[in-house]
Amino acid sequence: MLHSLQLRDFRCFGQTSLHLDGKDAVFIGQNAQGKTSILESICVLLRLQSPRAGTLREMVSFESNEGFFIGGNWSDRQLNFGYGRRLKKLSVDGSTTRKTSDYLGRSGHVVWMGNGDLQLINGRGEGRRRYLDFIGSQIFPDYLSALRCYERATRARNNLLKNMPVPWAQVDAYTLLLVQHGEVLLRRRTELVTLLQPWVADAGSSLSRSTETASIAYQPKAVLGTLARALEESREADARRGQTIVGPHRDELALEIDGHPAGTFGSEGQQRTFALALKLAQARLLAERDDAEKPILLIDDIFGELDVTRRNALLAYLPEDSQKLITTTHLDWAEMERIECDIYDVKAGQLSRHQAS
Amino acid sequence: MPRIAYPEPILRLISGLKSLPGVGPRSAERIAVWMLGGGKEKADAIAQAITEAREGIARCEECGFFLLQENPCPLCSDPERQGDTICVVEQPTDILPIERTGAFTGLYHALGGRLSPLDNVTPQDLRISPLISRVQKRRVSEVILALGSDVEGEATAHYLAGIFREKEGLQVTRLAQGLPAGGGLEHADELTLLRALDGRRGMG
């Protein structure tokens, strides 16, 4: 539960604070007023990364140019994240944490739901890998470090493969790192998809109230235990292409509706439902893994686009007692009596309590 | 109106100081002004110390550690040290912490960095061929790789292990990873514990 949030020089916000006391909240405002940035700041505070693509540097407000600060009272601890001059300063309850993993280990879990989620279904594999990575790094202690090392080693290896002649002794040194970290990713992703699958199917049928079955399947380029051999076999092809062509960075998460690929065969409505089902599955899985601290749900501007039935089905399926923060441009869909919440107006980087008109 | 600026020698001093590691433009300016004012005598002493260190200090051709010009290396020429074990480190400064443990009595070899294709550091930029010839020349039975545990450090370790793999009777080892000494489990983060669990060993 997020009790309070403090922002300084984050995106369009100067000095802002928000007292939620762990309650649900709705943020109303026109476009480009800062609604999404509030949710984004919470995601950055808790996970140190943004659901929107982009670097931390871009999140510094134009006025400041120096850096930003996000603080928040999560559950029973105060988390602070300061960023400036390419330096990150993390602290929990006032004591500085040097290692990112220490900080993330004491932070909270996050589910982000937004309009971009449709890309999970009809976009490129990269988005689906990022979906797995975002959950994986929240539930497995070794996931994020393996991912970062794997990515860095892949970049270095690709860089070496572009040399002529290829310096194989160096490439092979990186191949060993790719295997070491890549096998961790393969094992964890396999485990993760198995955990998610029943929730995806369940959420899909609750949302669509139909008999069709949504299913997900992990399709790695090289399966667990075979990465070393696959990399060995693709040496020549790698050298020709100047890049590493097998490994977890090419994995796919197959999405199917009744056995047909959702991205090509699903109607727009089915695809939207599937995208929601993936995020609901994430929410339920995170809630199930940590009963004491439910994930916070950051729901960005999707309620207006759903019909009443789906909206209610969605609200009903969210894990109980998890805190929901919702942005919207208009409140006329407000069957908000379903959620007891505070309502805020967001205008030009200013937050105020909503005045009923 | 003419723009007022520092005279040329001061500007040169500031730009020189600015190029030092960890010194920004504002600190450089402050130090320069201090050197010309209150810190005058100290500045002279520092200038002299820099010249003496530049002229009087050399690197050992063998291990890469600092030594006084014309003098034998206190590490490599010590007859008490075991010549059949070489501990490979990234920087000469990494030798001191290992030496302070008092547990290692072999020889050292500082590479002068680690491989990093992304920063354009290749094997030719490091003291790798001197290491190979040292291992060939002496009867070395163990090479200990005491490199960093980040991606570049590990890649360098794998690269060196690959080179020495073929050599008969030579054992290549690396430092263990795991729990900090003297700490309870509750102080270790999950990742450290996981590594420690992976690297567990049998008892008795």
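Q: Help me understand the sheet that holds strand E9 (residues 214-219) of chain A in this model?
A: Note: strands within a sheet are paired through backbone hydrogen bonds, in either parallel or antiparallel orientation. All names here are of chain A. Spatially, E9-E10-E11 is the arrangement adopted by the three strands of the open sheet, whose pairing is antiparallel. Edge positions in the open sheet fall to E9 and strand E11 (260-261), since each of these has one partner strand only. Packed on one face of the sheet, helix H6 (residues 168-208) meets E9 and strand E10 (252-257) and runs near 175 degrees to E9. In the packing of helix H10 (residues 268-289) onto the sheet, contacts are made with E9 and E10, and the angle to E10 comes to roughly 125 degrees.

Q: What is the right way to look at the packing of helix H1 (residues 8-18) of chain B against helix H2 (residues 25-36) of chain B in this model?
A: For any two helices packed against each other, the geometry comes down to the angle between their axes and how far apart the axes lie. All names here are of chain B. The N-to-C vectors of H1 and H2 enclose an angle of 130 degrees; their axes lie 8 Å apart at closest approach. Of the possible angle classes, the one that applies to H1 and H2 is oblique. As H1 runs across H2, the sense of the crossing is right-handed. Within the contact between the two elements, H1 uses Ile10, Leu13, Ile14, Leu17 and Lys18 and H2 uses Pro25, Ala28, Glu29, Ile31, Ala32, Met35 and Leu36.

Q: Honestly, the confidence of the model for chain B in this entry has me stumped. Any pointers?
A: For any part of a model where pLDDT is low, the fine detail of the predicted coordinates should not be relied upon. When pLDDT is averaged across chain B, the result is 90; 99% of the residues are at 70 or more. Among the prediction metrics, the complex's ipTM stands at 0.83, with pTM recorded as 0.88.

Q: I keep staring at the nonpolar core and nothing clicks. Help me out?
A: Most often, soluble globular proteins have nonpolar side chains that are buried together. Residue and element names in this part refer to chain A. In terms of nonpolar packing, the biggest core is built from 71 residues, with Leu196, Ile216, Phe274, Leu278 and Leu314 touching the most fellow members. If near-sequence neighbours (up to four positions away) are discounted, leucine 278 is found in contact with Leu120, Ile121, Tyr131, Val200, Ile216 and Leu255. With 39 residues, the next largest nonpolar core counts Phe27, Ile70, Val92 and Trp112 among its residues.

Q: For this particular structure, what's the right way to read the interface of chain A and chain B?
A: Where interface size is given, it is often the accessible area lost as the parts come together that is meant. Between chain A and chain B, the contact holds 20 residues from the first and 18 residues from the second. Interface area for chain A against chain B, summed over the two sides, is near 1,800 Å², with a carbon-plus-sulfur share of 64%. Counting the contacts that link chain A with chain B gives one salt bridge. The salt bridge involving Glu152(B) is made with Arg152(A); its shortest N-O contact spans 2.7 Å.

Q: Can you help me understand the packing of H6(A) against helix H6 (residues 151-164) of chain B in this one?
A: H6(B) packs onto H6(A) with a crossing angle of 120 degrees between their chain directions and a minimal axis gap of 8 Å. It follows that H6(A) is oblique to H6(B) by the angle criterion. As for the relative orientation of H6(A) and H6(B), their crossing is right-handed in sense. Across from Ala169(A), Gln170(A), Ala173(A), Tyr174(A), Leu176(A), Leu177(A) and Gln180(A) in H6(A), the residues of H6(B) making contact are Val151(B), Glu152(B), Glu154(B), Ala155(B), His158(B) and Tyr159(B). Of the residues belonging to the contact of H6(A) with H6(B), the class tally is eight nonpolar, three polar and two charged.

Definitions and cut-offs
Residues numbered from 1 in each chain as written. Chains lettered and ligands numbered in written order. Predicted model: local features only at pLDDT ≥ 70, side-chain atom pairs only at ≥ 80, totals over all residues. Heavy atoms only, no water. Pairing = 2+ DSSP bridges. Helix = DSSP H or I, 4+ residues; strand = E, 2+ residues; numbered from the N terminus. Contact = heavy atoms within 4.5 Å. Axes fitted to C-alpha atoms, helices over the stretch in contact; angles between N-to-C directions. Parallel < 35°, antiparallel > 145°, perpendicular 65-115°, else oblique. Left-handed = near helix turned anticlockwise from the far one by under 90°. pLDDT = per-residue confidence, 0-100. Core = buried A, V, L, I, M, F, W, Y, C linked by side-chain atoms within 4.5 Å. Buried < 20%, exposed > 50% of the residue type's maximum accessible area, 1.4 Å probe, protein only. Buried area = accessible area lost by both parts, 1.4 Å probe. Salt bridge = Lys/Arg side-chain N within 4 Å of Asp/Glu carboxyl O. Nonpolar A, V, L, I, M, F, W, Y, C, P; charged D, E, K, R; others polar.

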